[in-house]
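Below are the chains, spelled out letter by letter.
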Amino acid sequence: TQLLEQSPQFLSIQEGENLTVYCNSSSVFSSLQWYRQEPGEGPVLLVTVVTGGEVKKLKRLTFQFGDARKDSSLHITAAQPGDTGLYLCAGPEGGADGLTFGKGTHLIIQP
Amino acid sequence: IAGITQAPTSQILAAGRRMTLRCTQDMRHNAMYWYRQDLGLGLRLIHYSNTAGTTGKGEVPDGYSVSRANTDDFPLTLASAVPSQTSVYFCASITVPRSSPLHFGNGTRLTVT
């Protein structure tokens, strides 16, 4: 099983601040996905990164895939309370054709 | 609205009882999955099915069984529930390629007493 380690596990910051969360592995992934999960709901896909070094932007969220395709980061600019949630990274799991998930970063943006 | 429906939303179950969690999708996805989510452990794959008629074991399959009689339905059965199976269970589906989104249901919160 390919492991994905996310850091930090918990992060609480004030509205308007910037933040970065990380997803790291010792294995190479063909792609990585980022999901956001709100309480009482299932995770929802934010973005998929496929090419090493790729940068994708989704409004105030910037996602980067490492050159070696072993890591990824999510940067949020001017965080808003609506950004609060659990952020999960995930990559393809070879045997099951499913996804293996990191344990997630619990993000709280305080007004 | 297209998506995944899970039932029940929540359940309290006595240890030793049998329980089936239901999952239905209307997106004609070929692959379906069951995950459990526990604080500090994240999402862990229980069982999966790449296509109707086939199933496979994930990371934590013990105590659980699944079936895939058709494309739409993927029930998860706990034959004799134990307290360690207290968790939130998510059903998900996907269609190839793997870079496409994994679609999740809203989960079943199960408490085994």
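Summary of the structure given here. (Residues numbered from 1 in each chain as written. Chains lettered and ligands numbered in written order. Predicted model: local features only at pLDDT ≥ 70, side-chain atom pairs only at ≥ 80, totals over all residues. Heavy atoms only, no water.)

**Some remarks on the overall build of chain B**
Okay, so step 1: The helix and strand tally for chain B stands at zero helices and eleven strands.
Okay, so step 2: Counting from the amino terminus, chain B carries its helices and strands in the arrangement β-β-β-β-β-β-β-β-β-β-β.
Okay, so step 3: Computed over the C-alpha atoms, the radius of gyration of chain B is 13 Å, within 12% of the 13 Å expected from 2.2 N^0.38 for a compact globule of 113 residues.
Okay, so step 4: When the backbone C-alpha atoms are referred to their principal axes, chain B occupies close to 40 × 30 × 30 Å.
Okay, so step 5: For chain B, the proportion of its 113 residues judged to be buried stands at 48%.
Okay, so step 6: Accessible area for chain B stands at about 5300 Å²; split by element, carbon and sulfur atoms hold 52% of it.
Okay, so step 7: Both charge centroids of chain B, one from 10 positive and one from 6 negative side chains, sit 4 Å from each other. (Helix = DSSP H or I, 4+ residues; strand = E, 2+ residues; numbered from the N terminus. Rg over C-alpha atoms; globule rule 2.2 N^0.38 Å. Buried < 20%, exposed > 50% of the residue type's maximum accessible area, 1.4 Å probe, protein only. Areas by Shrake-Rupley, 256 points an atom, 1.4 Å probe, with all protein chains shown as cover. Lys, Arg positive; Asp, Glu negative; His and termini not counted. Charge placed at Lys NZ, Arg CZ, Asp CG, Glu CD.)

**Regarding the interface of chain B and chain A**
Okay, so step 1: Listed by partner, the interface residues are 20 residues for chain B and 23 residues for chain A.
Okay, so step 2: Interface area for chain B against chain A, summed over the two sides, is near 1700 Å², with a carbon-plus-sulfur share of 55%.
Okay, so step 3: At the junction of chain B with chain A, the criterion picks out zero salt bridges.
Okay, so step 4: At the junction of chain B and chain A, the tally comes to three residue pairs in polar contact (both at pLDDT 80 or more).
Okay, so step 5: Those elements that provide at least two residues to the side of chain B that touches chain A are strand S4 (31-38) and strand S5 (42-49) of chain B.
Okay, so step 6: With four residues, S5(B) is the largest single contributor of residues to the side of chain B that touches chain A.
Okay, so step 7: Here the side of chain B that touches chain A is composed, by residue class, of eleven nonpolar, eight polar and one charged. (Contact = heavy atoms within 4.5 Å. Buried area = accessible area lost by both parts, 1.4 Å probe. Salt bridge = Lys/Arg side-chain N within 4 Å of Asp/Glu carboxyl O. Polar contact = N/O pair within 3.5 Å; in protein donor to acceptor, adjacent residues only side chain to side chain. Nonpolar A, V, L, I, M, F, W, Y, C, P; charged D, E, K, R; others polar.)

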